[in-house]
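Residues per chain, in single letters:
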Amino acid sequence: MAEGADHVLSVRGGRIAWILSELTGAIAIAQSLAAVTFVLGGVGAKRRLEETEARLAAMSQYVAD
């Protein structure tokens with residue numbers, strides 16, 4: 001899948017045979033990719049994120065602090 005890619009992000013399981021150890025790397029990569037996407041998306045991406053968060057709050061998908 002990565003043939004010709006400028007960068008490759010991979011996830012390797014640790015020594016611990018537990019699903020959390022493998023998920024941690026995958027979640028970190030997903031969060032990093034999301035952050036880069038929003039940075040590159042500029043003001044429009046920030047506006048869409050704010051709209052999405054407002055919709056989720058209106059549907060009671062967040063728990064109040």
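Quick caveat: nothing in here was measured; it's all calculated off a predicted structure. (Residues numbered from 1 in each chain as written. Predicted model: local features only at pLDDT ≥ 70, side-chain atom pairs only at ≥ 80, totals over all residues. Heavy atoms only, no water.)

Asks: Which parts of the structure should I look at to understand the overall build of the chain?
Replies: Each helix and strand counted, the chain has 1 helix and 0 strands in total. Taking all 65 residues of the chain together, the buried fraction comes to 3%. Carbon and sulfur atoms make up 61% of the accessible area of the chain, which amounts to about 6,100 Å² in all. (Helix = DSSP H or I, 4+ residues; strand = E, 2+ residues; numbered from the N terminus. Buried < 20%, exposed > 50% of the residue type's maximum accessible area, 1.4 Å probe, protein only. Areas by Shrake-Rupley, 256 points an atom, 1.4 Å probe, with all protein chains shown as cover.)

Asks: Before we go on, may I ask you to explain the pattern of salt bridges in this structure?
Replies: When the charged atoms of two side chains with opposite charge come close together, those side chains can pair. Applying the stated criterion to the full structure yields 2 salt bridges. The residue Arg-47 makes a salt bridge to Glu-51 at a minimum N-O spacing of 3.1 Å. Of this pair, Arg-47 and Glu-51 both sit in helix H1 (residues 19–58), separated by 4 residues, roughly a single helical turn. (Salt bridge = Lys/Arg side-chain N within 4 Å of Asp/Glu carboxyl O.)

Asks: Whenever I open this one, the environment of Ala-30 confuses me. Can you help?
Replies: Its place among the elements puts Ala-30 in helix H1. Each C-alpha atom, one on Ala-30 and one on Leu-9, is 10.0 Å from the other, the two residues being 21 residues apart in sequence.

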